[in-house]
Amino acid sequence: MPRLPDGDPAPASGELPSQSIAALGSRPFGIYLHVPFCRVRCGYCDFNTYTLTELGPGASTSTFADTALAELDLARSVLGDAVPRVDTVFVGGGTPTMLPAADLVRVVDGIRERFGLADDVEVTTEANPDSVTPESLRELADGGFTRISLGMQSAAPHVLATLDRTHEPAGVGRAVAAARDAGLVTSVDLIYGTPGESLDDWRRSLDAAVSLAPEHISAYALVVEEGTKLAAQVRRGEVERPDDDDEATKYELAEEVLSAAGFGWYEVSNWTRTPAGRCRHNDGYWTGADWWGVGPGAHSHVGGVRWWNVKHPRAYADSLASGASPAAGRETLTVEQRRDEQVLLGVRVRDGLAVDDLDDVGRRAVAGLVADGLVDGVAAVRDRRVILTLRGRLLADAVVRRLLGVDT
Amino acid sequence: MSPRARTVLQPHATPPEAIRNFCIIAHIDHGKSTLADRMLQITGVVDDRAMRAQYLDRMDIERERGITIKSQAVRMPWETVDAEGRTGDFILNMIDTPGHVDFTYEVSRSLAASEGAVLLVDAAQGIEAQTLANLYLAMENDLTIVPVLNKIDLPAAQPEKYAEELAGLIGCEPEDCLMVSGKTGVGVEPLLDEIVRQIPHPVGDPNAPARAMIFDSVYDTYRGVVTYVRVVDGNLNPREKIIMMSTRATHELLEIGVISPEPVPGKGLGVGEVGYLITGVKDVRQSRVGDTVTNERTPAAEGLGGYRDPKPMVFSGLFPIDGSDYPLLRDALDKLKLNDAALVYEPETSVALGFGFRCGFLGLLHLEIVRERLEREFDLDLISTQPNVVYDVTMDDGSVIVVTNPSEFPYGKVAEVREPVVKSTILAPSEFIGAIMELCQGKRGQLLGMDYLSEDRVELRYSLPLAEVVFDFFDQLKSRTRGYASLDYQEAGDQVADLVKVDILLQGENVDAFSSVVHKDKAYAYGNMMAGKLKELIPRQQFEVPIQAAIGARVIARENIRAIRKDVLAKCYGGDISRKRKLLEKQKAGKKRMKNIGTVEVPPEAFIAALSSDDGGDTKKK
């Protein structure tokens, strides 16, 4: 996992400034749960995850759910009576399905007891194809889960091997089918740009994903993160560094294959067959929603305050056991910071940004972005919205810099 | 060790017959400073407690690099038996000499102030090119040479071999070479005795109008300029008015004295004596090395001759990496100039590098020393452009343009270009002859001669364009000879050459900092090298950026920086937002540092890397 950001110290009580919770309920409210366990650590992964299942009291696969419930107690008391019902829950990791399905369900029950769940609540878990069974999937669905995101990554065995993924390609199909049978909305994740992956390998992976007929597909360019095994392999020259041009070509291919199969993009790395198939929880990250992140290293955002928990599961559990907030640091965003975030996040989604929400610098930049083919000209004029073109999606960071006046 | 002299002769009252003025000729790390330290101790002018290594080298940089930039003169008493067998008290004036190629003129003045020279050579390494050049200079000045092999305590010392070499060079017998160890002190007393015996005493007319030669001039924050002189005729006295003969400027002698080894004010200086003057001037330009001092009341009719204005040979643009440091750089140069008569500079504006100064130096080492002092003493981060020489360009209409900055080199209608040449001396083990000849030929050199110093060491003499020497010659020479070759060079006029200016264009815009004047045959290689280098260093933009090397309107090399196609981070979920925003905030703060060449944004680091990589302007001399 990357280092936590620098921020201000967070109070032991976890207390939030009153103005940040004043408008709770006017925006969607979500709960994220980070499960920090994996059976194997993948070479490219820099998430906060551990392959030991016994990390001490409150930090083992068998006791983690109780620790998470303790943080939910804290959340309930910090947010107070004004707390809204929960619109979305997302369980990520790590590998959430390293916990018994009953424990995941127990956490969802805990959320329902403390906050209440909206009628149309979306409850997602991530899963590895080889860590679920038809029985466990049914147990999740019966316990309130509505959605599952399966880490497929690739259909090419040699690519999976380079990524240290342990599942067989055929296992993904079985998992998707079983999840659908259990009544879950399905999504598969793909990774492109892995060293040794040919354009044909990638096309076959896209075709395979489409043939599974999930509601939702995510496709991520492989990023070599500092401190990972992959970074060391690249540094030593054992593995070729992923190439931006190759990844651009593969992104364009993804857009081509997925749109031909009826999928439309709604965020730079996410496609869905119907607007309803979007992951509403993730949408919240890009549109300024509030959420409480439960678990070690989890990030939260409530009304312009962002904070993040200590990284290690043991330190996390110890904090909660002593009655203190596990937050390691936090920041209260200035008006300018909130605007910067609105632009950098909003530009990534299909709905884009309202031109009128931009400042003078941003508004003046729009014409140039249209001229350079990065922003859709029709939408800019007719709808007064900044919506990225295909080329713009690949250069979204440059678009953000131009909208904020960092680049001219 | 206790001083041997029983009575110490006083300045102004020392007969010339009791004086011996000598300098030490040695290569950078052959142990000159250590030997000087031992002499100070043995003659008792510094007690053991106050002794610090390399006492005479004052500046940090000099001490760290083990080299002496500015010379000083120390007066040491010594009792011994002279050449006629008479026992007596003597005064030894040790005139320290700069040991590097750029300071040849200063060396020549130190030599002119002496009657003899100790030729000090490392017994494990043998003579080096610069030492040889200075030895020839000393011999031309009729100085008595006392050959000495140093570091005889080293296991790797080969005194017999190098004694043969020295004997062959100066025409003495190998057994005439003295063997010393500056480190242990062995042989230093006999060396002092031999200095008295072999080196002639100074001769001058005590009744003639005063004439003293300035051989060094140093700015001191508290005292102003301290001027070191050697009195030739007459005498100089406190509080009298003196005249600098080259400028006719008059100053009052506020203080006059000798260094032993700290300044000791005295009653004046007589014939043959060496000491210092303080007149209250604040700039070494008012007290120039090589000038003659006389007194105002009875001025001498003629100066001592040999005076020369310092002439910058190598130019380079110095730019602060942080543009807001420009005023600091200007103040720093103004201060350094007080102590450096050879440093010249004027403001320069570069599209690529912003505001800076075009500076003239005596040579590469001088450049490097100035730059290092600016960075160290004034805490500046600097980038320097590829050093260049001065070109005289004659246009078709007969007008002549003196070019000190390649970006000012004229286009078209050029009748003739003249470039400075140097006579260089290269000493190396004979196994490297082939490699050296190949290098020199590649650098447009002409072989002037070759001699064997010993069975396996050879001296090669080449005429070379100075521009080639300042480009990367020294580094190449060192790498092709595994560090064994040494180099010395002296300016030797100029020559007509087929030179062109190569410009580097970024999307059609000239990047002035990379313009270079090169020989026609090398234009293509330079253009390719620079275009290739910039292609690697300049980040990809949203559009394709051509990099061209051109002579006038003719493009001779081209590279393309392909347009960037993807820069977006694949994932941006809850935990990524703070980091991503902070990165953006950092980019906002770093924005002002981007340089715009047309519509191409280039981080200054790219230009800096292009100017400072190994095959570029690196001028490190070890």
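Thresholds applied
Numbering of residues starts from 1 in every chain and runs along the sequence as written. Chain labels run from A onward and ligand labels from 1 onward, assigned in the order the entries are written. At least 70 in pLDDT is required for a residue's local features to be given in this predicted model, at least 80 for side-chain atom pairs to be given and counted, and no such filter applies to totals for whole chains, interfaces and linings, which use all residues. Side-chain measures were taken over the full set of non-hydrogen atoms in the model, leaving aside hydrogen atoms and water. Any pair of residues with heavy atoms lying within 4.5 Å of one another is described as a contacting pair. The quantity reported as buried area is the accessible area (1.4 Å probe) lost by two parts once they are put together, taken as the sum for both. Within this document, salt bridges are pairs made up of a side-chain nitrogen of Lys or Arg and a carboxyl oxygen of Asp or Glu, the two lying within 4 Å of each other. In the analysis that follows, any N or O atom pair within 3.5 Å is treated as a polar contact, provided that within protein one partner can donate a hydrogen and the other can accept it, and provided that, for residues neighboring in sequence, both atoms belong to side chains. Charged means Asp, Glu, Lys or Arg here, nonpolar means Ala, Val, Leu, Ile, Met, Phe, Trp, Tyr, Cys or Pro, and polar covers whatever is left, Gly included. Each aromatic pair joins two rings of Phe, Tyr and Trp (for Trp, the six-membered one) with centres within 6.5 Å, and gets the label stacked for planes under 30 degrees apart, edge-to-face for over 60, and tilted for any other angle. We count a stretch as a helix when DSSP gives it H or I for four or more residues in a row; a strand needs E for two or more, and each element gets its number in order from the N terminus. UniProt positions are given in the numbering used here, feature names are shortened, and annotations may be inferred rather than shown by experiment. Note on classification: 1.4 Å probe, protein chains only; a residue is buried when its accessible area is under 20% of the maximum for its type, exposed when over 50%, partly exposed between these limits. The nonpolar core is taken to be a set of buried Ala, Val, Leu, Ile, Met, Phe, Trp, Tyr and Cys residues, with the residues joined through side-chain atoms within 4.5 Å. Pairing between strands is defined by DSSP: at least two bridges between the two strands are required. Any residue with an atom within 4 Å of a point lines the site, the site being either a cavity, points on a 1 Å grid over the protein atoms alone where a 1.4 Å probe fits but cannot get out, or a pocket, an open set with protein on both sides within 12 Å along at least 5 of 7 lines. Grid points are joined across faces, edges and corners, and a volume is the space filled by probe spheres set on the points. Every angle, taken between N-to-C directions, lies between 0 and 180 degrees, and every axis is a line fitted to C-alpha atoms, over only the stretch in contact when it is a helix. Orientation is classified from the angle alone, with under 35 degrees giving roughly parallel, over 145 giving roughly antiparallel, 65 to 115 giving roughly perpendicular, and any other angle giving oblique. The sense of a crossing depends on the near helix, which, turned anticlockwise from the far helix by less than a right angle, makes the crossing left-handed and, turned clockwise, makes it right-handed. Patch membership needs two things, relative accessible area over 30% and no salt bridge, and members are linked within 9 Å if like-charged or within 5 Å if nonpolar (Val, Leu, Ile, Met, Phe, Trp, Tyr). The Shrake-Rupley method, run with a 1.4 Å probe sphere, supplies the accessible areas, and residue values consider only the shown protein chains as cover.

(A) Looking closely at the interface of chain B and chain A. On the side of chain A, 50 residues touch chain B, which itself brings 27 residues to the contact. Taken together, both faces of the contact between chain B and chain A bury some 3600 Å²; the carbon and sulfur share is 51%. Among the residues of chain B in contact with chain A, Gln542(B), Arg565(B) and Lys566(B) are the three that bury the most area, contributing 21% of the side total. Between chain B and chain A we count 12 salt bridges in total. Residue Asp340(A) pairs with Lys588(B) through a salt bridge whose shortest N-O separation is 2.9 Å. In this structure, the connection of chain B to chain A is made through 27 residue pairs in polar contact (both at pLDDT 80 or more). In terms of residue class, the side of chain B that touches chain A is built from eight nonpolar, five polar and 14 charged.

(B) Spotlight on the packing of aromatic side chains. All names here are of chain A. Tallied over the entire structure, the rule returns 19 aromatic pairs over all chains. Between Tyr192 and Trp202, the aromatic rings sit 5.1 Å apart at their centres with planes inclined by 45°, giving tilted as the arrangement. Here Tyr192 is found in strand 5 (residues 185-192), whereas its partner Trp202 is found in helix 7 (residues 199-211), with 10 residues between them in sequence. Ring geometry for Tyr285 against Trp291: centres 4.6 Å apart, planes inclined by 80°, an arrangement best described as edge-to-face.

(C) A look at the UniProt feature "binding site: GTP" (unreviewed entry) in chain B. Residues and elements named next belong to chain B. Feature annotation in UniProt assigns "binding site: GTP" (unreviewed entry) to the following positions: Asp29, His30, Gly31, Lys32, Ser33, Thr34, Asn150, Lys151, Ile152 and Asp153. When its relative accessible area of 6% is taken as the criterion, Lys32 is described as buried. Looking at where Ile152 falls in the secondary structure, it is placed in the loop between strand 5 (144-150) and helix 5 (159-170). Apart from the residues within four sequence positions on either side, Ile152 is in contact with Ala123, Ala157, Met179, Val180, Ser181 and Val186.

(D) Structural detail: the pattern of salt bridges. For the structure on display, the rule yields 71 salt bridges over all chains. Across the salt bridge formed by Arg112(A) and Asp109(A), the nearest N and O atoms sit 2.9 Å from each other. Of the two residues, Arg112(A) and Asp109(A) are both situated in helix 3 (residues 101-115); the distance of three residues between them amounts to about one turn of the helix. Under the relative-accessibility criterion, Arg112(A) is labelled partly exposed at 38%. Taking relative accessible area as the criterion, Asp109(A) reaches 27% and is therefore assigned partly exposed. Measuring nitrogen to oxygen at the nearest pair gives 3.9 Å for the salt bridge that ties Arg330(B) to Asp331(B).

(E) Quick look at the nonpolar core. Counting 120 residues, the largest nonpolar core has Ile31(A), Phe115(A), Trp292(A) and Leu403(A) as the members making the most contacts within it. Sort the elements by how many residues they give to this core and helix 2 (residues 64-79) of chain A lands first, with nine residues. Residues within four places of Leu403(A) in sequence aside, it is in contact with Val343(A), Val347(A), Leu353(A), Leu358(A), Asp359(A), Val361(A), Gly362(A), Ala365(A), Val366(A), Leu369(A) and Val386(A). Within the second largest apolar cluster, 51 residues are counted, among which are Leu364(B), Val370(B), Tyr391(B) and Val469(B).

(F) Structural view of the environment of Glu54(A). Residue and element names in this part refer to chain A. By secondary structure assignment, the location of Glu54 is in the loop between strand 1 (29-35) and helix 2. Sequence separation between Glu54 and Arg314 is 260 residues; the distance between their C-alpha atoms is 9.7 Å. Setting aside residues up to four positions removed in sequence, Glu54 forms contacts with Ala59, Ser60 and Ser62. A distance of 3.0 Å separates polar atoms of two side chains, one belonging to Glu54 and the other to Ser60.

(G) Here's a closer look at the pairing of strand 3 (residues 87-95) of chain B. Residue and element names in this part refer to chain B. Most of strand 3 sits inside the fold, with seven of its nine residues counted as buried. For strand 1 (residues 19-25) and strand 3, the ladder comprises five bridges, and the chain directions are parallel. Directly across from Cys23, in strand 3, lies its bridge partner Ile95. Connecting the antiparallel pair strand 2 (residues 73-81) and strand 3 is a turn made up of five residues, with Gly85 showing a positive phi of about 85°.

(H) Representation of empty space enclosed by the protein. Residues and elements named next belong to chain A. One pass over the full model with this rule turns up three cavities of 30 Å³ or more. By volume, the largest cavity amounts to about 60 Å³. What lines the largest cavity is simply Ala10, Pro11, Gly14, Glu15, Leu16, Leu74, Trp292, Trp307, Ser325, Ala327 and Arg330. Grouping the constituent residues of the lining of the largest cavity by class yields seven nonpolar, two polar and two charged.

(I) The arrangement of the sheet that holds strand 5 of chain B in detail. Residues and elements named next belong to chain B. The mixed open sheet is built from six strands, whose spatial order is 2-3-1-4-5-6. For this open sheet the edge positions go to strand 2 and strand 6 (178-179), each flanked by a neighbour on one side alone. Each of strand 1, strand 2, strand 3 and strand 4 (116-122) is contacted by helix 1 (residues 32-42), which is oriented at about 60° to strand 2, the strand it contacts most. Sheet strands in contact with helix 4 (residues 129-140) are strand 1, strand 4 and strand 5, and its direction is about 150° off that of strand 1.

(J) Geometry of the sheet that holds strand 18 (residues 382-384) of chain B. All names here are of chain B. Strands sit in the order 16-17-15-18 across an open sheet of four strands; the sheet is antiparallel. The open sheet has two edge strands, strand 16 (344-350) and strand 18, and neither has a second partner. On average, each strand axis in the sheet is tilted by 30° relative to the strand beside it, whichever way the strands run. As paired strands, strand 15 (residues 314-320) and strand 18 are joined by three bridges and run antiparallel to one another. When the bridges of strand 18 are listed, Phe319 appears paired with Ile383. Lying over the sheet, helix 8 (residues 364-377) contacts strand 15, strand 17 (354-361) and strand 18, oriented at roughly 15° with respect to strand 15.

(K) Layout of the packing of helix 2 of chain A against helix 3 of chain A. Residue and element names in this part refer to chain A. Between helix 2 and helix 3, the least distance of the axes is 10 Å, while the angle of their chain directions is 15°. With respect to their mutual orientation, helix 2 and helix 3 come out roughly parallel. Helix 3 is crossed by helix 2, and the crossing has right-handed handedness. In this structure, helix 2 uses Ala65, Asp66, Leu69, Leu72, Asp73, Ala75, Arg76 and Leu79 to contact helix 3, whose residues at the interface are Asp103, Arg106, Val107, Gly110, Ile111, Arg114 and Phe115.

(L) Summary view of a nonpolar patch on the surface. Together, Leu447(B), Met450(B) and Tyr452(B) give the surface a local cluster of nonpolar side chains, amounting to about 290 Å² of exposed area. In this fold, Tyr452(B) is placed in strand 22 (residues 446-454).

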